[in-house]
Amino acid sequence: MLVLFEDVISFILVIFAWFRLYDNINIDQRIKRYFACAGGVIAAILVLDQIWQAIFTICRITARIDYILNVLTCVIYFLVAFLILIIPMQRLKKISLVNRVLNVIILICFGVIPIVNIWKPVIFYHSGGYMYYTNKYIYYIIAEYVMYMVMVRMYYSRNYLFDRSDRIMLLFAQVIVGIGVIAQIVYGDLAASWNCISICYLFMYLALEQMYAKIDPVTKLHNRGVYDKILQKYSGKKRTLT
């Protein structure tokens, strides 16, 4: 198949998130830039995946084609690591400098491994047009997913005024990425993994959009709509609201 329509659908989801991000006047401009950058990285992953598929479909498989496919896959995995690296680059307030630097160093290591893999098969290699995993691949993928979970917990949950519905949205985003990891490990389905990352990106943006819609831009506290919702929730109940 020359075109992977899963990638096309994922690309549309990223563009949809971009348009919502551009039109949203509540979200801080600095956060907008980081989310736009993350969307650009995901778009690049999807484009490279399409190029990989086109080369695999059109070209006769030789050692040189295997090398090109391997390079493309390595670049994609590097971009995935860079995508996670964008999270600590946001320089949010409630994270110490030591933790931020340590996290960046760890994520840089995740990015270096795919680059080394171009010349030495550390986590995977290509032969006959197909991708084969080494014994270290599963540890690399699981460790990267755990690092993503830690980043979301450390940088998003601690720094934003997320309520229960926003946190549920973030939880679904993490579960979706986990499904993509399972698809990679069990079935070798990389396209499904990139689709899950795109859906995760949309969910994380929607959680952020929902949160900013509940915050007063001047006081940075919850706005009247949130308090009305709380009052409606506890109306008719004998509770003291302070």
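Residues numbered from 1 in each chain as written. Predicted model: local features only at pLDDT ≥ 70, side-chain atom pairs only at ≥ 80, totals over all residues. Heavy atoms only, no water.

Student: Break down the nonpolar core for me, with residues and values.
Tutor: Within the largest apolar cluster, 67 residues are counted, with the highest numbers of intra-cluster contacts made by Phe-35, Tyr-77, Tyr-148, Tyr-156, Trp-194, Met-204 and Leu-208. When residues of this core are traced back to their parent elements, those giving at least two are helix 1 (5-23), helix 2 (29-58), helix 3 (63-85), helix 4 (97-117), helix 5 (137-157), helix 6 (164-187) and helix 7 (190-213). Broken down by element, this core gets its largest block of residues, 13 residues, from helix 7. Ignoring any residue separated from it by four or fewer positions in sequence, one finds Trp-194 in contact with Ser-10, Ile-45, Leu-46, Asp-49, Ile-76, Tyr-77, Val-80 and Gln-184. (Core = buried A, V, L, I, M, F, W, Y, C linked by side-chain atoms within 4.5 Å. Buried < 20%, exposed > 50% of the residue type's maximum accessible area, 1.4 Å probe, protein only. Helix = DSSP H or I, 4+ residues; strand = E, 2+ residues; numbered from the N terminus. Contact = heavy atoms within 4.5 Å.)

Student: Tell me about the layout of surface pockets, and name the residues and values.
Tutor: Taken as a whole, the second largest pocket holds about 410 Å³ of empty space. What lines the second largest pocket is a set of 18 residues, among which Trp-52, Gly-188, Asp-189, Leu-190 and Ala-191 lie closest to the centre. Secondary structure elements with two or more residues in the lining of the second largest pocket: helix 2, helix 3, strand 2 (130-133) and helix 7. The element contributing the most residues to the lining of the second largest pocket is helix 2, with four residues. (1 Å grid on protein atoms, 1.4 Å probe; cavity = no way out; pocket = protein on both sides within 12 Å on 5 of 7 lines; lining within 4 Å. Points joined across faces, edges and corners; volume = space filled by probe spheres on them.)

Student: Break down the pattern of salt bridges for me, with residues and values.
Tutor: Taken as a whole and judged by the stated rule, the model has one salt bridge. Across the salt bridge formed by Arg-20 and Glu-209, the nearest N and O atoms sit 2.6 Å from each other. With Arg-20 in helix 1 and Glu-209 in helix 7, this pair connects stretches of sequence that are 189 residues apart. Residue classification places Arg-20 among the partly exposed residues on the basis of a relative accessible area of 32%. By relative accessible area, Glu-209 is classed as buried at 14%. (Salt bridge = Lys/Arg side-chain N within 4 Å of Asp/Glu carboxyl O.)

Student: Break down helix 7 for me, with residues and values.
Tutor: Between its first and last C-alpha atoms helix 7 spans 35 Å; for 24 residues at 1.5 Å apiece the expected length is 34 Å, and the two agree. When you tally the buried positions in helix 7, you get 19 out of 24 residues, the bulk of the element. (Expected span 1.5 Å × (residues − 1).)

Student: Account for a nonpolar patch on the surface, naming residues and giving values.
Tutor: Together, Ile-138, Tyr-139, Ile-142, Val-146 and Val-150 line one region of the surface with nonpolar side chains, adding up to about 440 Å² of accessible area. Secondary-structure assignment places Tyr-139 in helix 5. The class for Tyr-139 is exposed, based on a relative accessible area of 61%. (Patch = residues over 30% accessible without salt bridge, like charges linked within 9 Å, V, L, I, M, F, W, Y side chains within 5 Å. Areas by Shrake-Rupley, 256 points an atom, 1.4 Å probe, with all protein chains shown as cover.)

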